[in-house]
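Given next are the chains, with one letter for each unit.
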Amino acid sequence: MNLIVAADKNWGIGKNNKLLVSIPADMKLFRQETTGKVVVMGRKTLESFPNGLPLKNRTNIVLTRNEHYDGKGALVLHTIEDVLEEIGKYPSDQVYCIGGDSIYRQFLPYCNVAHVTKINFAYEADSFFPNLDEMPEWEVTARSEEQTYFDLEYEFVKYEKK
């Protein structure tokens, strides 16, 4: 299983159920990586999308404790075990965990590849991603050149579980 995330210097990923910043090249990478694949997310992540609708051209799986939740076309499951059983039907390299923070934390043990857009700025954030640089089981296996969007510097970093 893969995960994909954009994180700031402090591994912040969001505030008030919104991304910290929208970088066009990061959005493009997200689309390239996930289109035609399976994406696993939490309820709040789904609700943060335009009109709260699932992402097009992907199999959307939403994990929520709410037994009556309407995923508007997404497959809604209620336990990690149910999600793991469902994603077991797909090749693991075709499955992406896309957030938010509690979903990332719950599925990190099942992920082998992490695509991280590392943003060289510290935002005010209320949701965070675990710091992979402090986890010995993860190593950087690829890194892009530093990129800029206006005056914001960032890079694409690929981590793999050892």
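The rules behind these values
- Residues numbered from 1 in each chain as written.
- Predicted model: local features only at pLDDT ≥ 70, side-chain atom pairs only at ≥ 80, totals over all residues.
- Heavy atoms only, no water.
- Phe/Tyr/Trp six-rings, centres within 6.5 Å; stacked < 30°, edge-to-face > 60°.
- Buried < 20%, exposed > 50% of the residue type's maximum accessible area, 1.4 Å probe, protein only.
- Helix = DSSP H or I, 4+ residues; strand = E, 2+ residues; numbered from the N terminus.
- Contact = heavy atoms within 4.5 Å.
- Pairing = 2+ DSSP bridges.
- Arc of directions from axis to C-beta.

Visitor: What is the right way to look at the packing of aromatic side chains in this model?
Guide: What characterises a pair of aromatic rings is the spacing of the ring centres plus the angle enclosed by the ring planes. Scanning the entire structure with this criterion turns up seven aromatic pairs. Their ring planes at 75° and their centres at 5.6 Å tell us that Tyr-154 and Phe-156 sit as a pair that is edge-to-face. We classify Phe-156 as buried; its relative accessible area is 18%. Put simply, the rings of Trp-11, Tyr-104, Phe-129 and Tyr-159 pair up and form one aromatic cluster.

Visitor: Can you walk me through the side chain of Thr-45 in this structure?
Guide: With respect to the secondary-structure elements, Thr-45 resides in helix α2 (residues 43-48). Ignoring anything within four residues of it in the chain, the contact list for Thr-45 reads Asn-17, Ile-98, Gly-99 and Gly-100.

Visitor: Explanation requested: the sheet that holds strand β3 (residues 18-19) in the structure shown.
Guide: Two orientations exist for strands paired in a sheet by backbone hydrogen bonds: parallel and antiparallel. Across the sheet, three strands lie side by side as β3-β2-β9; this open sheet has antiparallel pairing. Strands at the two margins of the open sheet, each flanked by one partner only, are β3 and β9 (127-128). Pairing analysis gives two bridges linking strand β2 (residues 12-15) to β9, with the strands arranged antiparallel. Bridge pairing in β9 places Gly-12 opposite Phe-128.

Visitor: So what exactly am I meant to see when it comes to helix α1 (residues 24-34) here?
Guide: For α1, the set of buried residues is Asp-26, Leu-29, Phe-30, Glu-33 and Thr-34. For α1, the buried positions fall inside an angular range of 110° around the axis, keeping them on one side. Buried residues along α1 sit against β1 (2-7), β4 (38-42), β7 (95-97), β8 (113-119) and β12 (152-161). The first or second residue beyond α1 is Gly-36, which carries a positive phi of 80°.

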